[in-house]
Amino acid sequence: MEAYRPVRSIYYGGVFDFPVSFIFDISRTFEKKFNVLKCYDSQFFNNTSDEEQTFISTKLFEKEIEARARHFGFKIGVEYGEPYFVQENIKADDKTIFDIF
């Protein structure tokens, strides 16, 4: 089997700031994404947990996820958006970046 070499890497920053190359509309899938995160109740906010709280297990972090998605959605005129960073410049007619979507 030959090694796979991607055309380019696309980065997602989580809670860290980074220069945004493009914002993807996640309005249709945001609720599903949010519910999936809630499945990891040992790591994210769980008001019934007796475990010590961490940075990502606070209610504030849960609110940050939604606020960030709303913020970037507003920037592109939709309800929720997710920012990504690409290191190199992309030609306007370069459709290869969108093959992954």
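Computed from a predicted structure; not experimentally measured.

Enquirer: Tell me about the overall build of the protein chain, residues and numbers included.
Expert: Of the regular secondary structure elements, the protein chain holds two helices and three strands. Starting at the N terminus and walking to the C terminus, you meet the elements of the protein chain as β-β-α-α-β. Of all 101 residues assigned to the protein chain, the portion counted as buried reaches 25%. For the protein chain, the share of sequence-separated contacts (at least 6 apart) that also reach a separation of at least 24 residues comes to 70%. Here the protein chain has roughly 8200 Å² of accessible surface; of this, 54% comes from carbon and sulfur atoms.

Enquirer: Got a sec to walk through the nonpolar core? Specific residues and values, please.
Expert: Core analysis: the biggest nonpolar cluster contains eight residues, these being I26, F30, F34, F44, F61, I65, A69 and Y80. With three residues, the single largest contributor to this core is helix α2 (residues 59–75). If sequence neighbours within four positions are ignored, A69 has contacts with I26, F30, E79, Y80 and G81.

Enquirer: So what about the packing of aromatic side chains? Which residues, and what values?
Expert: In this structure the tally under the stated criterion is five aromatic pairs. Ring geometry for F22 against Y84: centres 5.5 Å apart, planes inclined by 20°, an arrangement best described as stacked. With F22 in strand β2 (residues 22–25) and Y84 in strand β3 (residues 81–86), this residue pair connects regions lying 62 residues apart in the sequence. Taking the relative accessible area as the measure of exposure, F22 reaches 15% and is therefore buried. Exposure remark for Y84: the relative accessible area of 15% places this residue in the buried category. Among the aromatic side chains, those forming a connected cluster through ring pairs are Y12, F22 and Y84.

Enquirer: Report on the environment of S9, specifying residues and quantitative values.
Expert: Take S9: it is sitting in the segment before β1 (10–11). Once the C-alpha coordinates of S9 and F85 are considered, the two residues, 76 residues apart in sequence, prove to be 8.7 Å apart. What S9 contacts, discounting residues up to four positions off in sequence, is F85 and V86.

Enquirer: Describe the pairing of β3, with residues and values.
Expert: Judged by how many residues are buried, β3 sits mostly within the fold: five of six residues are covered. Pairing between β1 and β3: two bridges, direction antiparallel. Residue pairing for β3: Y11 is matched across the bridge by F85. Bridge count for β2 against β3 is four bridges, and the pairing is antiparallel. Residue F24 lies in a different strand from β3, and its bridge partner there is E82.

What counts, and at which threshold
- Residues numbered from 1 in each chain as written.
- Predicted model: local features only at pLDDT ≥ 70, side-chain atom pairs only at ≥ 80, totals over all residues.
- Heavy atoms only, no water.
- Helix = DSSP H or I, 4+ residues; strand = E, 2+ residues; numbered from the N terminus.
- Buried < 20%, exposed > 50% of the residue type's maximum accessible area, 1.4 Å probe, protein only.
- Contact = heavy atoms within 4.5 Å.
- Areas by Shrake-Rupley, 256 points an atom, 1.4 Å probe, with all protein chains shown as cover.
- Core = buried A, V, L, I, M, F, W, Y, C linked by side-chain atoms within 4.5 Å.
- Phe/Tyr/Trp six-rings, centres within 6.5 Å; stacked < 30°, edge-to-face > 60°.
- Pairing = 2+ DSSP bridges.

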